[in-house]
Structure formats: structure tokens, C-alpha cells
Amino acid sequence: MHYYRYSNAKVSCWYKYLLFSYNIVFWLAGVVFLGVGLWAWSEKGVLSDLTKVTRMHGIDPVVLVLMVGVVMFTLGFAGCVGALRENICLLNFFCGTIVLIFFLELAVAVLAFLFQDWVRDRFREFFESNIKSYRDDIDLQNLIDSLQKANQCCGAYGPEDWDLNVYFNCSGASYSREKCGVPFSCCVPDPAQKVVNTQCGYDVRIQLKSKWDESIFTKGCIQALESWLPRNIYIVAGVFIAISLLQIFGIFLARTLISDIEAVKAGHHF
């Protein structure tokens, strides 16, 4: 059986180019993410020595950037080409992947709500493993510093968690100048200082615990995030709903275009 497309057999240009425009944004964003990730890896010398990826015990934030870039680039490419070429296979791939991502997001949100203690334990393990690797990767270091400064916290459950890091450990075997200290991002900022004092956390934990809160944040980042979420629940919910609506809109466009293409082909199938 063969089908022939006549000159008057046309798929709706409205859905076709709307889906193309929808995907070109994600495709370009994917290119940007990939470019930034590869540039960051080249700056750290990973591209010339890929074994550096396996040497770090914590997570490299660049890996997340690259993963997001690959997914967005692949989906954007499939959606753009599928829409322009009226390729049902690519459109089904795009639509199916978006549906899968949507339900994965929904499942993660539900499970995180139902198993809060388990999520809290996994986050603690994740944070502690990255504390151990704080000095191993500059991007990881910047990520932890940003998290601690933004939430005015220190460590997973408190400043003592920095004993997990070989440089900040208080044991007698350590000869690091940062021994018994904390990163500068744990320090209470001084409004009078215009230049960041990166040594403000040195020897802080040698002092009595009762004096720690005079110079550093004593609240752990897990508690800080737990208290942040209820205060910003509407923002979090709004972002989740906005992302979900975008995904549903993309699924609707793809399914409508697929139906339109199939109808045109069925009308001229002999």
C-alpha cells in the first residue's frame, strides 16, 4: 500500500509553526546549556582528562548543566524537525518524552511529600558527601557557598558538619590553616566591610559554642530549607504549575499536529 500527497493536502500551518516556535526556544536553550557546560569543563581541564569526572566524590554542578542541556537540545531538535518535516516518529518521541518527564515530576513531588523523613535523610547524605569534596571542585564550592549565604546557614545540621572535610577537620592530625574553621560563606556578614573576608571563618570552632553565633551562622542548611519552604510555598507551587502548563501545552500541540498529519495521510491513502 502506498499513499500519495496531493498539492492541496496540507497540514495546519498554525499548529505546525506554533510547535516549531515552541521548540526552537528549548533547542536554543539546550545549545546554551551545552556550551556553558563544555566551557566550564574545558576551564577545569576535564575535556583533556575525562578521568577527572570520576575522581570527585561529590557532585559536579556542571554535570547537571550538561544533562539539562542534552535533554533540552534533544527534545527541541526532535520537536523542530518533527514539526517542519511532519515526521510522526519524531513528534511521538517528543510527545512521549514530555509526558514521561511530566509524570516523573509529579511522582517526585508526591513522594517527597509522603516520605519527608526519607527525603531529609537523603538530602543530609547528599550535602555531607559534597562537604567532603568542597575543595575538590570550584563549581561545587561556589554552589555550597551560594546555598549557605542565601539561606544564612552552615553545614547540613550545623557548623560541626565541616569536620567531615579534611581541611576544616578539628582533629590533631590536620595541619591545614583552615583547621577548626568554616568556609567564609558561613560567616555573619559585616555591613561595614565592602570586600569579602575569605578568612573570617578561621579558628571559629576553637571558641566556645556559645560565642559561635556572634561570627557565624549556627543553623544547618537542612533546617533553613525546611523553614524556607512553608514561607514560599505559593512561589514553589506557582513555578511548578507554570512548568506543568508549558509541558501540557507542548503535548497538546504535538498531539494535535500528529492527528492532523494522520488525517491528511489517511485521506489520500490508496
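What you see is a predicted model, and the numbers here were worked out from it, not measured in a lab.

Time to look at the pattern of salt bridges. Summed over the entire model, instances satisfying the criterion amount to nine salt bridges. For the salt bridge of E128 with R124, the shortest nitrogen-to-oxygen distance reads 3.4 Å. Taken together, the residues span about one helical turn, with E128 and R124 both in helix α5 (residues 116-132) at a distance of four residues. Residue D163 pairs with R205 through a salt bridge whose shortest N-O separation is 3.0 Å. With D163 in the loop between α6 (138-151) and α7 (221-231) and R205 in the loop between α6 and α7, this pair connects stretches of sequence that are 42 residues apart. Assessed through its relative accessible area of 28%, D163 is described here as partly exposed.

The next point concerns the nonpolar core. Counting residues in each nonpolar core, the largest one holds 20 residues, and the members touching the most others are F127, I144, C154, W162, V182 and I216. Among the elements of the structure, α5, α6 and α7 are those that each provide at least two residues to this core. When residues in this core are grouped by element, the largest group, three residues, is from α7. Mapped onto the domain boundaries, this core takes at least three residues apiece from domain 1 (13-48 + 60-148 + 233-269) and domain 2 (159-218). Not counting residues within four places of it along the chain, the set of residues in contact with I144 comprises F127, N130, I131, Y134 and W162. Y22, L75, I88 and I98 belong to the second-largest nonpolar core, a separate cluster that totals 15 residues.

Cut-offs used in this document
- Residues numbered from 1 in each chain as written.
- Predicted model: local features only at pLDDT ≥ 70, side-chain atom pairs only at ≥ 80, totals over all residues.
- Heavy atoms only, no water.
- Salt bridge = Lys/Arg side-chain N within 4 Å of Asp/Glu carboxyl O.
- Helix = DSSP H or I, 4+ residues; strand = E, 2+ residues; numbered from the N terminus.
- Buried < 20%, exposed > 50% of the residue type's maximum accessible area, 1.4 Å probe, protein only.
- Core = buried A, V, L, I, M, F, W, Y, C linked by side-chain atoms within 4.5 Å.
- Domains from an automatic or database assignment.
- Contact = heavy atoms within 4.5 Å.

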